[in-house]
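Below, each chain spelled out in residue letters.
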Amino acid sequence: MYLTPQHVLLAGATGLTGEHLLDRLLNEPTITRVLAPSRRPLAEHPHLENPVGEPVQVLPQLSGQVDIAFCCLGTTIKKAGSEAAFRAVDLDLVVAFAKRARELGARHLVVISALGADAKSSIFYNRVKGEMEAALKAQGWPQLTICRPSLLLGDRVEPRLAEQLAGPLSRLIPGKYHGIEACQLARAMWRLALEEQDGVRVVESDELRKLGK
């Protein structure tokens, strides 16, 4: 079964995947409204509402009916500055965004997590992603789609050295560990948004690449 979302809430529209997803959403003829809060202004579009400011201030001010929410939020420990600051974005902010999306009526959340997400992992990054997934599941979403991409490939405004070094190698690794282009992930997220089902679905990177072709 399929549904066609008309009113969309998007977090992380200025990020690598979020930019591709925003472009796709604004060019979908069935979508009449994209609500995309961000810290810096986005390009204007007739169907785009872009509240600008710090998330803690913007989230409570969001209004209007929402059919579906996409979350592309994410940072790195290096960019955040500390493990605590990283957790504030990749866990706390994601959970707060999802809570607000539910309050606005969204029944389906499509969120980017990470390959290897595990709340019991000894690796800090994977553990935070796993905790985020567990917190979203606890919110009781009618439909929750968790995307676990491998290394994201694409041209960032602020290049990440680790990704630049690992990118070529990740293209050679088979299966779910193979790197995935951000544009592929965005296409996969949109296709997953059109699937109507109940409960939680976890989509690993190899399946995301197939969906995003």
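Please read these numbers as outputs of a predicted model, since none were measured by experiment.

Per-residue confidence for the protein gives a mean pLDDT of 91; residues scoring 70 or more make up 88%. Counted against residues more than four places away or in other chains, residues 163–167, with its pLDDT under 50, gives seven contacts.

Turning to the nonpolar core, a few remarks are in order. Ranked by internal contacts, the top residues of the largest apolar core, which has 32 residues, are Leu 10, Leu 25, Phe 70 and Met 189. Within the residue set of this core, elements represented by two or more residues are β1 (7–11), α1 (16–26), β4 (68–71), β5 (108–112), α7 (182–193) and α8 (205–211). It is α7 that provides the largest number of residues to this core, a total of eight residues. Beyond its immediate stretch of four places on either side in the chain, Leu 10 contacts Gly 18, Leu 21, Leu 22, Leu 25, Leu 35, Ala 36, Pro 37, Phe 70, Cys 72 and Phe 97.

The subject of this paragraph is the sheet that holds β5. If you trace the seven strands from one edge of the open sheet to the other, you get β3-β2-β1-β4-β5-β6-β9, paired in parallel fashion. Lying at the two open borders of the sheet, with one neighbouring strand each, are β3 (48–49) and β9 (199–204). One ladder, built from four bridges, connects β1 with β4; its direction is parallel. When the sheet's bridge partners are listed, Leu 10 is paired in β4 with Phe 70. Taken strand by strand, α7 contacts β4, β5, β6 (143–148) and β9, and its axis lies near 160 degrees from that of β5.

What counts and what doesn't
- Residues numbered from 1 in each chain as written.
- Predicted model: local features only at pLDDT ≥ 70, side-chain atom pairs only at ≥ 80, totals over all residues.
- Heavy atoms only, no water.
- pLDDT = per-residue confidence, 0-100.
- Contact = heavy atoms within 4.5 Å.
- Core = buried A, V, L, I, M, F, W, Y, C linked by side-chain atoms within 4.5 Å.
- Buried < 20%, exposed > 50% of the residue type's maximum accessible area, 1.4 Å probe, protein only.
- Helix = DSSP H or I, 4+ residues; strand = E, 2+ residues; numbered from the N terminus.
- Pairing = 2+ DSSP bridges.
- Axes fitted to C-alpha atoms, helices over the stretch in contact; angles between N-to-C directions.

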